[in-house]
Amino acid sequence: MPKTMITDTILRDAHQSLAATRMRTEEMLPAAALLDKIGYYSLEMWGGATFDSCLRFLKEDPWERLRTLRKAMPNTRLQMLLRAQNILGYRHYSDDVVDLFVKKAIENGIDILRIFDALNDTRNMRTAIESTKKYGGHVEAALSYTTSPVHTIEYFVDLAKELEGMGADTICIKDMANLLLPYTAYDLVKQLKAAVKVPIHLHTHNTCGTGQMIYLKAVEAGVDIVDTALSPLGNGTSQPATEPLVAALQGTEYDTGLDINQLIEAADYFQKVADRLEESGDLHLKARRINMRILLAQVPGGMLSNLLSQLKKQGAEDRFEETLEEVPRVREDFGFPPLVTPTSQIVGTQAVLNVLSGERYKMITKESKALVRGEYGRLPKPISDEVKKTIIGDEPTIDYRPADDLKPEFDKFREEIKEYIEQEEDVLSYALFPQVAMDFFKYRQAQKYGVDHTAGDVEKKVHPV
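Residues numbered from 1 in each chain as written. Predicted model: local features only at pLDDT ≥ 70, side-chain atom pairs only at ≥ 80, totals over all residues. Heavy atoms only, no water.

Glancing now at the sheet that holds strand β5 (residues 138-144). The strand order around the closed barrel formed by 8 strands is β1-β2-β3-β4-β5-β6-β7-β8, and the pairing between neighbours is parallel. The mean angle between the axes of side-by-side strands here comes to 30°, regardless of whether they run parallel or antiparallel. Two elements, strand β1 (residues 5-8) and strand β2 (residues 42-47), share 2 bridges in a ladder whose sense is parallel. By the bridge assignment for β2, Thr7 is matched with Ser42. The sheet contacts of helix α8 (residues 153-165) involve β5 and β6 (170-174), and relative to β5 the element is tilted by about 160°. Against the sheet, helix α10 (residues 211-221) makes contact with β7 (200-203) and β8 (225-228), and its axis sits at roughly 170° relative to β7, the strand it touches most. (Pairing = 2+ DSSP bridges. Helix = DSSP H or I, 4+ residues; strand = E, 2+ residues; numbered from the N terminus. Axes fitted to C-alpha atoms, helices over the stretch in contact; angles between N-to-C directions. Contact = heavy atoms within 4.5 Å.)

Bringing the pairing of β8 into the picture now. Side-chain alternation along β8 places Ile225 and Asp227 on one buried face and Val226 and Thr228 on a second face that is also buried. Direction of pairing for β1 relative to β8: parallel, over a ladder of 4 bridges. If you follow Met5 over to β8, its bridge partner there is Ile225. In this structure, β7 lies alongside β8, joined through 2 bridges in parallel fashion. Across the sheet, Leu202 pairs through a bridge with Val226, a residue of β8. Where the polypeptide runs from β7 across α10 and back to β8, its parallel neighbour, the crossover connection is right-handed. (Buried < 20%, exposed > 50% of the residue type's maximum accessible area, 1.4 Å probe, protein only. Right-handed = clockwise from strand over helix to strand, strands pointing away.)

The next subject is the packing of helix α6 (residues 95-108) against helix α20 (residues 425-432). To describe two helices that pack against each other, one gives the angle between their axes and the distance between the axes. In the contact formed by α6 and α20, the axes pass within 10 Å of each other and the chain directions differ by 130°. Comparing the axis directions of α6 and α20 gives the class oblique. Read as a crossing pair, α6 and α20 show a hand that is left-handed. When α6 is examined against α20, the residues Val97, Leu100, Phe101, Lys104 and Asn108 are found in contact with a partner set consisting of Glu425, Leu428, Ala431 and Leu432. (Parallel < 35°, antiparallel > 145°, perpendicular 65-115°, else oblique. Left-handed = near helix turned anticlockwise from the far one by under 90°.)

What follows covers the nonpolar core. One broad rule of soluble globular proteins: the nonpolar side chains tend to lie buried together. Formed by 107 residues in total, the largest nonpolar core has its most connected members in Leu35, Trp46, Phe101 and Ile173. Among residues more than four places away in sequence, those in contact with Leu35 are Ile10, Leu11, Tyr40, Leu43, Met73, Thr76, Leu230, Ala266 and Phe270. If you look at the next biggest cluster of nonpolar residues, it comprises 31 residues, including Val299, Val372, Leu379 and Ile383. (Core = buried A, V, L, I, M, F, W, Y, C linked by side-chain atoms within 4.5 Å.)

Enumeration over the complete set of coordinates arrives at 36 salt bridges. Here Arg12 makes a salt bridge to Glu44, at a shortest N to O gap of 2.9 Å. With Arg12 in the loop between β1 and α1 (13-19) and Glu44 in strand β2, this pair connects stretches of sequence that are 32 residues apart. Grouping residues by exposure puts Arg12 and Glu44 together as buried. The network of salt bridges with shared partners includes Lys103, Lys104, Glu107, Arg414 and Glu424. (Salt bridge = Lys/Arg side-chain N within 4 Å of Asp/Glu carboxyl O.)

Of all residues except glycine, most have a negative phi; of all peptide bonds, most are trans. Although it is not a glycine, Lys59 adopts a positive phi angle of roughly 55°. Within the secondary structure, Lys59 sits in the loop between α4 (50-58) and α5 (62-72). By relative accessible area, which is 30% here, Lys59 ends up partly exposed. Notably, Phe336 is not glycine yet its phi reads approximately 55°, a positive angle.

Contact pair α4 / α5: the axes reach a minimum separation of 9 Å and the direction vectors enclose 115°. The angle between the axes of α4 and α5 places the two elements in the roughly perpendicular class. Across the interface between the two elements, Thr50, Phe51, Cys54, Leu55 and Leu58 of α4 pack against Pro62, Trp63 and Arg65 of α5. In the contact of α4 with α5, the residues fall into 6 nonpolar, 1 polar and 1 charged. (Nonpolar A, V, L, I, M, F, W, Y, C, P; charged D, E, K, R; others polar.)

Following the criterion strictly, the structure yields 14 aromatic pairs and no others. Relative to Phe51, the ring of Trp46 lies with its centre 5.5 Å away and its plane at 75°, an arrangement referred to as edge-to-face. With respect to burial, Trp46 and Phe51 carry one shared label: buried. Aromatic ring contacts, followed pair by pair, group Trp46, Phe51, Trp63, Tyr90, Phe101 and Phe433 into a single cluster. Just above the ring of Phe57 sits the side chain of Arg22; from NZ or CZ to the centre is 3.7 Å. It is Lys217 that lies over the ring of Tyr186; its NZ or CZ is 5.1 Å from the centre. (Phe/Tyr/Trp six-rings, centres within 6.5 Å; stacked < 30°, edge-to-face > 60°. Lys NZ or Arg CZ within 6 Å of the ring centre and 35° of its normal.)

Turning to helix α16 (residues 343-357), a few remarks are in order. Taking 1.5 Å as the rise per residue, α16 with 15 residues should run 21 Å; its terminal C-alpha atoms sit 21 Å apart, in good agreement. α16 sits mainly inside the fold: 11 of its 15 residues count as buried. Among the residues of α16, Thr343, Ser344, Ile346, Val347, Gly348, Gln350, Ala351, Val352, Leu353, Asn354 and Val355 are the ones counted as buried. In the segment just after α16, Gly358 is the residue with positive phi, at about 80°. (Expected span 1.5 Å × (residues − 1).)

Here it is as structure tokens:
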């Protein structure tokens, strides 16, 4: 086994970070056989925003994507990103829905589930971890990395120990905003390797231009696996490019064992995909620039493109830098949550509203209120009474696992869409994205049966399971 192993994110986080997750399955398949023989530790190809994007924008069934790629790449571990109790959506789901989602993900072809909670609240990770173990999947429990007075190396080491005790097979340092500087990475990996027995997997981006340096220092500290992306969709807000790191380690004690010629062949193919994404306007050039302000604003790649999109819709692109300056102020007010889905969207949207309205917290989203109330979990630092009063007034807060308030939901979802069900997985798609999934089901029926999805006889054409 090579000293340093590589997970390539070309099929998921690379195009999520740079091109709003717009790569199609048909664009992945021609490269599948080549990717499958390269010898990666794993390929990250599902989860994150792929589910929403498939249904909403690409009119694809994400479950069919998983099955298709599993069949096309039988020799490589397939990996996904799971938002713990949020699954792939933006709220907590009941335990029965989380359990069945994990079961179906593994049945359809996922080997490794990278499970994280935006607040590092392990209570929110428990069900997903237990279900993954139950159905024979590999638990990669993630530390959502950020910097703040709360988030010290000791904090992350203690968190890793707790997650190992909960059943983690690997521990991932999830540096979604490229905040982990090289020498800190060395110290963190060293201390994690001393504290836990399971392998350490490091994920970062190259938003600030430090990604390759981070990986070199982490490799020297003994990291087992790192995330990279083939160069056509690497760097910028994506992961550091695969080929340069493989070349840098070649012939050393840290050699990845990967064939640089095969990587270049795969990169040549994905360059055509990147060109198409650029021509369609989905590949944001700003997302490929080095931006050191990110170290202050702590904005991960996907959040950066979302902020740009929100401001563009309001005709306020010129207020981008102002919004970046507002993000850390909102984050501090909200108890220093790591900025990763869904907290990145919550903090980012609130920062946009603060800037555009001209007055801080003049307009407050329902998600901001829910975060402050404790509905997403335990915040790293208690919120001040003053901010609490501003955001939620005298409303009560909760201090227990939010999902404890949720009754089983799956049967209710099944009943709501029974005339559209073609597979049990459809109920899970609907559970996560009700309106988006419903629109997709109607589109699917229209395509499959040649009927207007508004017609009353549609339900006669399907066979519920």
